[in-house]
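Now for the letters of each chain:
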Amino acid sequence: MRTWLRCVECGRVVEGFAYRCPSCGGLLEVEYDRLEIRLERGESIWSFSGALPVRERVSLGEGWTPLVRGRSGAWLKYEGSNPTGSFKDRGMAVAVSHALDLRCGEAVCASTGNTAASMAAYCARAGLEARVIVPRGKVAPGKVAQLVAHGASVEEVDGYFDDALDAALAAARGGAYLMNSVNPYRLEGQKTLAYELVVQLGRAPDAVVVPVGNAGNISAIWKGFRELAGLGLVDGTPRMVGVQAAGAAPLVRAMETGRLDPVGEPETVASAIRIGRPVNWPKAVRAVRESGGTILAVSDWEIDRARLELARREGLFVETASAAALAGYRRALEEGILSAEEEAVLVLTGSGLKDPEVRLPGPRPATGRATASRRPPGSGPPGEAPCPPG
Ligand code: AN7
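All of the points below concern the structure found in this document. In this convention, every chain numbers its residues from 1, walking through the sequence in written order. This being a predicted model, a pLDDT of at least 70 is required before a residue's local features are given, and a value of 80 or more before pairs of side-chain atoms are given or counted; all residues contribute to the totals for chains, interfaces and linings. As a rule here, side-chain values come from all non-hydrogen atoms in the structure, and water together with hydrogens is ignored.

### Digging into the packing of aromatic side chains
Formally: Aromatic rings from Phe, Tyr and Trp, with only the six-membered ring used for Trp, were paired whenever their centres fell within 6.5 Å, and each pair was classed as stacked if the ring planes differed by under 30 degrees, edge-to-face if by over 60, and tilted otherwise. Think of it in three bands: residues with accessible area under 20% of the maximum for their type are buried, residues over 50% are exposed, and the middle band is partly exposed, with areas taken using a 1.4 Å probe on protein chains only. Only DSSP runs of H or I covering at least 4 residues are called helices, and only runs of E covering at least 2 are called strands; the numbering of each starts at the N terminus. By definition, being over a ring means that NZ of Lys or CZ of Arg is both within 6 Å of the ring centre and within 35 degrees of the ring normal.
Going through the model one piece at a time under the given rule, you end up with 6 aromatic pairs. Taken together, a centroid distance of 4.9 Å and an interplanar angle of 70 degrees make the contact between phenylalanine 17 and tyrosine 19 edge-to-face. With relative accessibility at 29%, the residue phenylalanine 17 sits in the partly exposed group. Residue classification places tyrosine 19 among the buried positions, given a relative accessible area of 18%. Judged by centre distance (6.5 Å) and plane angle (75 degrees), the rings of tyrosine 19 and tyrosine 177 are edge-to-face. Taken as a pair, tyrosine 19 in the loop between strand E2 (13-14) and strand E3 (28-32) and tyrosine 177 in strand E9 (residues 177-178) lie far apart in primary sequence, 158 residues in all. Members of the aromatic cluster, connected to one another through ring pairs, are Phe17, Tyr19, Tyr177 and Tyr185. Across the ring face of tyrosine 160, the terminal group of lysine 138 is positioned such that the distance to the ring centre comes to 4.8 Å.

In structure tokens, the structure reads:
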């Protein structure tokens, strides 16, 4: 298999490794002369090695996570059962393998927690130095414990994820291998979620609903479906529905304007997606447009409530950001963006054990329901009680 990088903005082909297009600074994407995607069950993402651009194969058994039919009617893809408890392991297995291919000894990332936890574990496994940069006081405690346990060196910056990313980019210019999702190799690992869904369902779903922070995952999953469609392995492709927290939702406007106005001080209880300047926004906008999907913003109240609903009605304890998928699905049904007849998959991106503070939301605040009057009777969440009935 031969691979190269192509700029998603100007189309320039880049041989060798880069994080950005040398001509225009655009994001890069991995391309292949020949993709081989074996649509059958496997033990890890490496069952798709014919579509992964590396020689080394570092693995902790990532991927092949459960797909559970929810009582809500939607399918629940539970990424919390990856080795470090989030979807990041798919990408990290490939990116750490690539770092080994390149003989890099040190990896760096900025993170709201999960990228760092995953990187720390995979670097421990592969014998690489792990250096993580996180926003001070804004990382869930389970993720901090993972960093300490796996022996990563941790640097805290005052500010937000976006400030930490600037510091990580500087470290990468100094020669460290950058594990953030601006790295196109990492996203190759994450595209395997699309392949898995097609194996698990026997077809592509009608919609995939994904919590969005830096917008790498929604872009990666869409690339997976595009590849399957290009090979004639699926009949149709799903609409990609991204969900942001209302206090950190720059992509909602970017979809309309075609440019990104960063949110300077992003605020949300969903610390994993508290990101004001999503680096992959051009890829995400393309994924949503090509797929006929949308980006929604949901309130913190809706996220907290969805998290409880997942725990109490579905039996799945997910981290706060992951609950945005269900909150967004509910909103999409309310607004008529999706119908209950459509087959939707909610990507539950991480485990609740990382983020053990459980908030019991009170009555819906007046500002928490932008579309109350438009909700058809009976289509919304069950009742307005603080906790959904069990
Ligand atoms: C649970 O770990 O950005 O849109 O630094 O941890 O691909 O960024 C985490 C992101 C969703 C959003 N759900 O994914 C990080 C980080 C969970 C997450 C997202 C994250 P992207």
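### Details of the site of the ligand
The following threshold applies: A molecule or strand has a residue near it when one of that residue's heavy atoms lies within 4 Å. The term polar contact refers here to a pair of N or O atoms within 3.5 Å; inside protein, the definition further demands a hydrogen-donor-capable atom paired with an acceptor-capable atom, and it admits residues adjacent in sequence only when both atoms are side-chain atoms. Both site types are read off a 1 Å grid over the protein atoms alone. A 1.4 Å probe that fits but cannot get out defines a cavity, while an open set with protein on both sides within 12 Å along at least five of seven lines defines a pocket; lining residues have an atom within 4 Å of a point. To qualify as sitting in a cavity or pocket, a molecule needs more than half of its atoms within 2 Å of the grid points.
Around the ligand sit 21 residues, and of these Asn114, Thr115, Asn214, Ala215 and Thr349 come closest. Note that an oxygen atom of the ligand is positioned 2.7 Å from one of the side-chain N or O atoms of asparagine 114. One of the backbone N or O atoms of alanine 215 is found 2.8 Å from an oxygen atom in the ligand. Counting atoms within 2 Å of the grid points, the majority share of the ligand lands in the largest cavity.

### Overview of the layout of surface pockets
What counts here: Grid points are joined across faces, edges and corners, and a volume is the space filled by probe spheres set on the points. Note on residue classes: Ala, Val, Leu, Ile, Met, Phe, Trp, Tyr, Cys and Pro are nonpolar, Asp, Glu, Lys and Arg are charged, and everything else, Gly too, is polar.
Taken as a whole, the largest pocket encloses approximately 330 Å³ of empty space. As for the largest pocket, its lining consists of 19 residues, of which Thr3, Pro53, Val54, Arg55 and Tyr185 are closest to the centre. Elements with a contribution of two residues or more to the lining of the largest pocket: strand E1 (3-7) and helix H1 (88-101). With 3 residues, the single largest contributor to the lining of the largest pocket is E1. Split by residue class, the lining of the largest pocket holds 10 nonpolar, 4 polar and 5 charged. The volume enclosed by the second largest pocket comes to roughly 240 Å³. Forming the walls of the second largest pocket are 14 residues, and the residues nearest its centre are Arg20, Leu165, Leu169, Val182 and Val279. Counting residues per element, the lining of the second largest pocket draws most heavily on helix H4 (residues 161-173), at 5 residues. Residue classes in the lining of the second largest pocket are distributed as 10 nonpolar, no polar and 4 charged.

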